[in-house]
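The primary structure of each chain is shown beneath.
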Amino acid sequence: MTSYPAPFWFEVGTRLEGSPGRTGRLITPHGEIRTPAFIPVGTAATVKGVLPETMAALGASAILANAYHLYLRPGAEVVEAAGGLAAFMNWPGVTFTDSGGFQVLSLGAGFKKVLAMDAGIPDDAVIAPRSQRLAVVDDDGVTFRSHLDGSRHRFTPEVSMQVQHRLGADVIFAFDECTTLMNTRAYQEASVARTAAWARRCAAEHRRLTDVAGPDRAYQGLFGVVQGAQYEDLRRQAARDLRSLGFDGYGIGGALEKQELGRIVRWVCEELPDGAPRHLLGISGLDDLFSAVEAGADTFDCVAPSRTARHGRVYTPDGPLALKRAGLKADCGPIDPECDCYTCAHYTRAYLNHLLRSGEMVGATLATVHNIRFVVRLVDAMRTAIDTGGAAGLAGLRTQVLGRYFAGGRG
Ligand SMILES: [Zn+2]
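Here the residue index of a chain counts from 1 through its sequence in written order. Local features in this predicted model are restricted to residues of pLDDT 70 or higher, and side-chain atom pairs are both shown and tallied only at a pLDDT of 80 or more, whereas totals for entire chains, interfaces and linings draw on every residue.

So, the sheet that holds strand β9 (residues 152-155)
Then comes step 1: Taken together, 3 strands build an open sheet; the order of strands is β7-β8-β9 and the sheet is antiparallel. Edge positions in the sheet fall to β7 (135-138) and β9, since each of these pairs with one other strand and no more. Averaged over all pairs of adjacent strands, the angle between strand axes in this sheet comes to 15°, irrespective of strand direction.
Then comes step 2: At least two DSSP bridges between two strands are required for those strands to pair. Helical segments are the DSSP runs of H or I of at least four residues, strand segments are the runs of E of at least two, and each set is numbered from the N terminus. Here strand β8 (residues 141-145) runs beside β9; their pairing, made up of 4 bridges, is antiparallel. Within β9, the residue paired with Thr143 across the bridge is Arg154. Lines fitted to C-alpha atoms define the axes, with helix axes restricted to the stretch in contact, and inter-axis angles between N-to-C directions lie between 0 and 180 degrees.

Dropping the structure here:
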């Protein structure tokens with residue numbers, strides 16, 4: 001969609017036989033991502049507790065921040081004046097911002113009763129009435145109250161694009177409505193139509209802002225976001241709608257049940273243009289990484305490695321390990337003897353147990369360093385498995401890694 005010969009493109013490497021998964025390279029003005037790649041989350045322009053140079057040393061090639069949070073604090077104009085997101089946070093690599101749709105709308109659903117997301121029958125009646133929500137959607141945009149001070153704000157597709165252009169990330173996302181699995185089919189249909197209309201407006205505003213900025217400003221790739229919840233026909237329709245708009249890449253968002261993740265990603269990837277990069281927004285477990293890559297996701301962000309680390313829960317090849325456990329009080333081994341991270345090279349489980357039980361900040365930092373490195377190495381291994389062994393190589397790695405991980409379960 002760019003009219004400039006900008007350094008933003010995607011190149012497919014090795015393809016998986018029989019599924020949309022592949023390896024590749026995404027080249028952006030701030031560097032290259034070899035895919036599949038795990039994109040750590042730095043919501044407020046920081047991966048909590050870890051210096052950007054440490055993140056780079058861990059092998060992370062990109063960080064995803066959140067437009068909604070940065071718009072509220074410190075303000076997109078502050079980040080722009082600093083030279084854009086990467087310069088503002090002293091990050092030497094690629095940056096992504098998500099559109100704010102998910103955060104704004106998660107203020108909005110406000111469930112009236114607590115339901116297991118995978119247990120209930122879709123029913124709009126469990127969603128709180130409009131007057132009780134922090135965010136209200138209409139066809140033009142979303143009006144919401146800040147989670148910081150209750151002030152009133154409005155995001156439209158145009159505002160989201162303006163904010164994300166000021167933030168200056170290499171990959172930005174179209175503003176979308178993120179529904180829940182509790183919404184009815186009728187609501188999901190209306191929402192997919194609304195998200196398609198918003199995507200069209202985002203594409204137009206992105207073109208306008210890119211033209212105004214001129215060729216000297218680093219090009220930002222705009223990704224349309226495919227919604228449609230758990231419905232195959234809606235997911236495929238949403239993907240086709242966005243494809244017709246010709247985005248630089250595509251995000252796959254919304255409510256996903258864990259056991260449906262692979263199927264949904266695959267439906268969407270089968271409809272999207274083969275040569276465009278696909279980003280899966282927000283996944284959680286290690287098994288989800290394999291499902292996502294097999295089904296065709298090139299990049300995916302995941303808050304779990306850093307969030308769980310701050311609570312003292314770390315990954316090992318034999319399953320998750322709770323570092324605060326009393327039994328580790330005098331354990332002089334590393335978290336994981338097979339890990340090459342700084343934490344495992346220099347620190348014992350006993351020391352981490354002490355730090356985390358004492359609430360010392362360094363405990364969270366060292367645990368996060370390990371978890372980020374663990375996932376980066378795992379995804380590197382997945383990429384190598386695809387390049388050297390194709391679908392069989394990836395399947396073999398999956399069986400080996402997950403078999404051992406879930407057989408352990410020492411947490
Ligand atoms: Zn480690």
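A short note on the domain arrangement of the protein chain
Then comes step 1: Domains are outlined according to an automatic or database domain assignment. The domains assigned to the protein chain are domain 1 (9-302) and domain 2 (315-408).
Then comes step 2: Computed over C-alpha atoms, the centres of domain 1 and domain 2 are 27 Å apart.
Then comes step 3: Each side of the interface is counted separately: domain 1 has 26 residues, and domain 2 has 24 residues.
Then comes step 4: Those elements giving two or more residues to the side of domain 1 that touches domain 2 turn out to be β1 (9-15), β4 (37-40), α1 (52-57) and α10 (286-295). Distance between backbone-placed C-beta atoms decides contact: two residues are in contact if it is within 7 Å.

Looking at the sheet that holds strand β5 (residues 62-66)
Then comes step 1: What the 8 strands build is an open sheet, ordered β4-β14-β13-β12-β11-β10-β6-β5; its pairing is parallel. Pairing within the sheet leaves two strands with one partner each, and these edge strands are β4 and β5. With direction set aside, neighbouring strand axes in the sheet form an average angle of 25°.
Then comes step 2: Where strand β11 (residues 221-226) meets strand β12 (residues 249-252), 4 bridges bridge the pair, whose relative direction is parallel. Residue pairing for β12: Phe223 is matched across the bridge by Gly249.

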